[in-house]
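This is what each chain is made of:
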Amino acid sequence: MEEKKIMVELKHVDKFFGENHVVKDISLPVYQGEFLTILGSSGSGKTTTLRMIGGFDKPNGGEIFVAGYNVAHKEPFERDVNTVFQNYALFPHMTVAENIAYGLRMKHVPKQEIKKRVNEMLELVQLKDFGPRQISELSGGQKQRIAIARAVVNDPKVLLLDEPLGALDLKLRKQMQFELKCLQKKLGITFIYVTHDQEEALSMSDRIAIMHDGCLEQVGTPAEIYERPVSRFVADFIGESNVFAGKIKSLNQGFAEIATPFGTVQSIADKVRETEEVYVSIRPEKVSISSESQGTFSLKGRINEQIYRGATIRFVLSIPGMEKEFKADMPSNGLLFTTGDDVYIHWAPQDAFLIREKLIGDRDTDVVALQGEHTKAVFKELSIGEKSI
Ligand SMILES: Nc1ncnc2c1ncn2[C@@H]1O[C@H](COP(=O)(O)OP(=O)(O)O)[C@@H](O)[C@H]1O
Ligand SMILES: [Mg+2]
């Protein structure tokens, strides 16, 4: 298999604002041509991380490599990286064409070439005849497209996007998600995309880096993150999950029996030992409820609430001994349960998985093993030198 080339690499990056430690020892490689999303709730440190990659903030510790060179303490213009901000940051006193041309003019690109590139960009973002317009004459979606055109016109190796669709309404946001993804594929530029919207992250990204309280919780493909969250936080943050504690009772051919205060349950077993204390995680859509015990195990519960959701019904259950309510989504056709019913709760063992909080540490070593020296060598080979400035 061909080796993936690292385009951006953070190594043990730390950032403080006064006493406030907002980015904590982050290490992360981003590959050439990749769409990587930093996903986290508000205040988790996403923007600060992006600003350090862009050069707008300087880290207090660690290194940031772009195309193999440590740029941690260089200025924004000293790296092949452009940024699209949430508020677009277009120049209001310039026309659309002048906005797009700005970066090229700064680089003293010949006038004819600028004109050609600007027209190409307008075509790329499907605003062909908009060159002479004033920025104030554009809708939100059009402004966003121009901001993107302005950011890609001088062929950056990396594009940073900070919640670029946050200001758009839902329908336009969905359309722009699709367009952005197509654009990224077409241009082959490495995208580092920041959002707090998990659906957006799952549908657009090659990989997602989940940020929580300044730390990277998990880095993986959307499927890995959804199907194998490594921490209770991720299991709950991405989609929904029923998570509860238990102790491994027995292991057999990749499956585990787990003892819990409400009975024995089963799940997939991965890297766990007998008697180990773990968390069991099962998604609501994987749970089934019935009036009789079924399969190799069942938990007893009572329906507290049912919420009609069209194709499915959400059942909120209580299980004796479980503090939190248990959630189950069942297809809405032909179900005859009502609030107050006593039911049996079951799932296929292959649909539940175990979380060992320690796993985060295991994964970190994979990321840290990718050395800066290594990326430098790869880029020397590609003869991508440090940008002349
Ligand atoms: N310039 C700044 N000065 C002081 N604190 C800041 C500054 N920028 C961000 N912070 C703080 O750093 C933390 C992370 O912020 P930020 O990176 O903007 O998070 P996010 O983008 O994930 O919402 C927050 O607690 C925020 O208040
Ligand atoms: Mg932010």
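Scroll up a little and you will see the structure.
No experiment lies behind these values; they were computed from the predicted model shown.

Asker: Got a minute to help me understand the packing of helix α3 (residues 111-124) against helix α4 (residues 140-152) in this structure?
Answerer: Each pair of packed helices can be described by the angle between their axes along with the distance between the axes. Packing of α3 against α4 leaves a shortest axis separation of 9 Å and a crossing angle of 135 degrees. It follows that α3 is oblique to α4 by the angle criterion. Crossing of α3 against α4: the hand is right-handed. Taken together, the residues of α4 that come into contact with α3 (itself represented by R117, M121, L122 and L124) are I146, A149 and V152. Within the contact of α3 with α4, the residues separate by chemical class into six nonpolar, no polar and one charged.

Asker: I'm lost on the nonpolar core in this one. Help?
Answerer: Inside soluble globular proteins, nonpolar side chains tend to come together where they are buried. Residues I100, I146, L159 and L180 are the most contacted members of the largest nonpolar core, which totals 36 residues. The set of elements that each furnish at least two residues to this core consists of α2 (96-106), α3, α4, β7 (158-162), α5 (170-187) and β8 (190-195). Looking at this core, the element that brings in the most residues is α4, giving six residues.

Asker: Help me out: how do you make sense of the environment of P29 in this one?
Answerer: Among the structural elements, P29 can be located in strand β2 (residues 20-31). Separated by 77 residues in the primary sequence, P29 and M106 have C-alpha atoms spaced 31 Å apart.

Conventions we followed
- Residues numbered from 1 in each chain as written.
- Chains lettered and ligands numbered in written order.
- Predicted model: local features only at pLDDT ≥ 70, side-chain atom pairs only at ≥ 80, totals over all residues.
- Heavy atoms only, no water.
- Axes fitted to C-alpha atoms, helices over the stretch in contact; angles between N-to-C directions.
- Helix = DSSP H or I, 4+ residues; strand = E, 2+ residues; numbered from the N terminus.
- Parallel < 35°, antiparallel > 145°, perpendicular 65-115°, else oblique.
- Left-handed = near helix turned anticlockwise from the far one by under 90°.
- Contact = heavy atoms within 4.5 Å.
- Nonpolar A, V, L, I, M, F, W, Y, C, P; charged D, E, K, R; others polar.
- Core = buried A, V, L, I, M, F, W, Y, C linked by side-chain atoms within 4.5 Å.
- Buried < 20%, exposed > 50% of the residue type's maximum accessible area, 1.4 Å probe, protein only.

Purely geometric stuff here, so don't read any function into it on its own.
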